[in-house]
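Structural features, examined
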Amino acid sequence: MKIILANPRGFCAGVNMAIESLERSLDLFGAPLYVYHEIVHNKHVVERFKNRGVVFVETLDEVPEGSPVLYSAHGVSPQIRQESKARNLKAIDATCPLVTKVHLEAVKYAKLGYTIVLIGHEGHDEVIGTMGEAPEQMILVESVEDVEALDINPEKIAYLTQTTLSVDDANVIIDALRKKFPQIANPPKDDICYATQNRQDAVRKLASKADLVLVLGSQNSSNSLRLAEISTTMGVPGHLIDGAAEIKDEWFEGVETVLITAGASAPEDVVQECISYLQDRYGASMTEETIREEDVTFPLPKTLRQLLPESALKVVR
Ligand code: SF4
């Protein structure tokens, strides 16, 4: 058996920043430390922090008054910020700057009187946060059918997208929007982030060389799910797994080449564990194929930087 290891894969700049923010906050404040929603959508990352005294909450009521609270990489709505202020919480905002960019676009279009169509997945933390910026003026669509069902005819209309969509799926929906609303505006730069696009491009480029694709990531990770879907759509079965323990022997019947990749929130150690499993069990050899170099980094949140000593900032990625 041959393994092709896709690159880029795994942690993106936003996830690195969010995890580093939580690490530094734990050092500063100690446990228990509260995080609003999962810091990133990955079972291993969340479990490891839980074991160190981090408490992930779904509502701010669960955070004692005056305590520090971190916002996850997926961002929060202005309503949560207000609630946090009212409860005198010390908020540390680990929202990925590329999610914040979409929030700012929503605010800008809303101020200019636009109706905003957000392409995204209902119930996803990022979508809830973005919709909260202008709830009266935003409509969520998930499919072409949703676009066809839109019963609006505004003079000013714009679209935005969730950062972790499938580029191909989003384009189909955007085409339908443009057809129905030729005047529709959009931001100058794509909302689907560089990390999502690069990981998807790697699967698109490399899956045809494989008989099977393993994507490391959790079931609630939007960008990981898209990677498995892309390979399956290409005719190469893609399985989304949290780790080697979920690998099933029956997947490998007649399989000579396996492509391994990982979603933006999946840690590298679970990828390596998977490779070791296939090497031990099937004597697999491995080559790594890089389709693009990434060198994006984001600074820690300002509130956190202000609290950290100078020496600690020097080692910030
Ligand atoms: S996947 Fe993209 S938007 Fe999400 S945290 Fe990573 S860089 Fe930011």
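What counts and how
- Residues numbered from 1 in each chain as written.
- Predicted model: local features only at pLDDT ≥ 70, side-chain atom pairs only at ≥ 80, totals over all residues.
- Heavy atoms only, no water.
- Helix = DSSP H or I, 4+ residues; strand = E, 2+ residues; numbered from the N terminus.
- Buried < 20%, exposed > 50% of the residue type's maximum accessible area, 1.4 Å probe, protein only.
- Contact = heavy atoms within 4.5 Å.
- Areas by Shrake-Rupley, 256 points an atom, 1.4 Å probe, with all protein chains shown as cover.
- Lys, Arg positive; Asp, Glu negative; His and termini not counted.
- Charge placed at Lys NZ, Arg CZ, Asp CG, Glu CD.
- Domains from an automatic or database assignment.
- Buried area = accessible area lost by both parts, 1.4 Å probe.
- Near = heavy atom within 4 Å.
- 1 Å grid on protein atoms, 1.4 Å probe; cavity = no way out; pocket = protein on both sides within 12 Å on 5 of 7 lines; lining within 4 Å.
- Sits in = over half its atoms within 2 Å of the grid points.
- Nonpolar A, V, L, I, M, F, W, Y, C, P; charged D, E, K, R; others polar.
- Salt bridge = Lys/Arg side-chain N within 4 Å of Asp/Glu carboxyl O.
- Pairing = 2+ DSSP bridges.
- Axes fitted to C-alpha atoms, helices over the stretch in contact; angles between N-to-C directions.
- Core = buried A, V, L, I, M, F, W, Y, C linked by side-chain atoms within 4.5 Å.

**Considering the overall build of the chain**
Summing up its helical and strand segments, the chain has twelve helices and twelve strands in all. Summarising its shape, the C-alpha atoms of the chain cover approximately 60 × 55 × 30 Å along the three principal directions. In the chain, which comprises 317 residues, the share counted as buried stands at 53%. For the chain, contacts bridging at least 24 residues in sequence account for 74% of all contacts bridging at least 6. Counting only carbon and sulfur atoms, one obtains 50% of the accessible surface of the chain, whose full area is about 14,500 Å². Taken together, the 31 basic and 47 acidic charged side chains of the chain have centroids lying 6 Å from each other.

**Things to note about the environment of Gln82**
Within the secondary structure, Gln82 is located in helix α3 (residues 78-86). With relative accessibility at 56%, the residue Gln82 sits in the exposed group. Taking the C-alpha atoms as reference points, Gln82 and Gly113, 31 residues apart in sequence, are found 23 Å from one another.

**Topic: the domain arrangement of the chain**
For the chain, the assigned domains read domain 1 (2-11 + 195-290), domain 2 (13-96 + 298-313) and domain 3 (98-180). For domain 2 versus domain 3, the separation of C-alpha centres amounts to 27 Å. For the domain 2 and domain 3 pair, buried surface summed over both sides reaches about 920 Å², with 56% attributable to carbon and sulfur atoms. Ranking the residues of domain 2 by area buried against domain 3 places His74, Pro78 and Cys96 at the top, with a combined share of 43%.

**Observations regarding the site of the ligand**
Every residue near the ligand is listed here: Cys12, Gly14, Cys96, Leu98, Val99, Thr163, Thr164, Cys193, Tyr194 and Ala264. A majority-of-atoms criterion places the ligand in the largest cavity. Here the shell around the ligand is composed, by residue class, of seven nonpolar, three polar and no charged.

**What to know about the pattern of salt bridges**
Following the criterion strictly, the structure yields 16 salt bridges and no others. The salt bridge partner of Glu288 is Arg9, with a shortest N-O separation of 2.9 Å. Linking Glu288 in strand β12 (residues 285-290) with Arg9 in the loop between β1 (2-7) and α1 (13-29), this pair joins segments that are 279 residues apart in sequence. By relative accessible area, which is 13% here, Arg9 ends up buried. In this structure, Arg292 engages Asp201 in a salt bridge whose closest nitrogen and oxygen atoms are separated by 2.9 Å. Placement of the pair is Arg292 in the loop between β12 and α11 (302-307) and Asp201 in helix α8 (residues 194-206), with a sequence separation of 91 residues. When salt bridges with common partners are traced through the structure, they connect Asp168, Asp201, Arg204 and Arg292 into a single cluster.

**Observations regarding the sheet that holds β12**
Read from one edge of the open sheet, five strands run β10-β9-β11-β1-β12, paired in parallel fashion. Across the chains shown, the open sheet's two edge strands, defined by having one partner strand only, are β10 (238-241) and β12. Geometrically, the sheet is characterised by an average inter-axis angle of 25 degrees between neighbouring strands, direction not taken into account. By the bridge criterion, four bridges tie β1 to strand β11 (residues 257-262) in an arrangement that is parallel. The residue of β11 that forms the bridge with Lys2 is Thr257.

**Brief notes about the nonpolar core**
Inside soluble globular proteins, nonpolar side chains tend to come together where they are buried. Within the largest apolar cluster, 30 residues are counted, with the highest numbers of intra-cluster contacts made by Leu22, Ile39, Val40, Phe49, Phe56 and Leu70. Taken together, the elements giving at least two residues each to this core come down to α1, β2 (33-36), α2 (43-50) and β3 (54-57). When residues in this core are grouped by element, the largest group, seven residues, is from α1. Beyond its immediate sequence surroundings of up to four residues, Ile39 is in contact with Ala18, Leu22, Val45, Phe49, Phe56, Leu70, Tyr71, Ser72 and Ala73.

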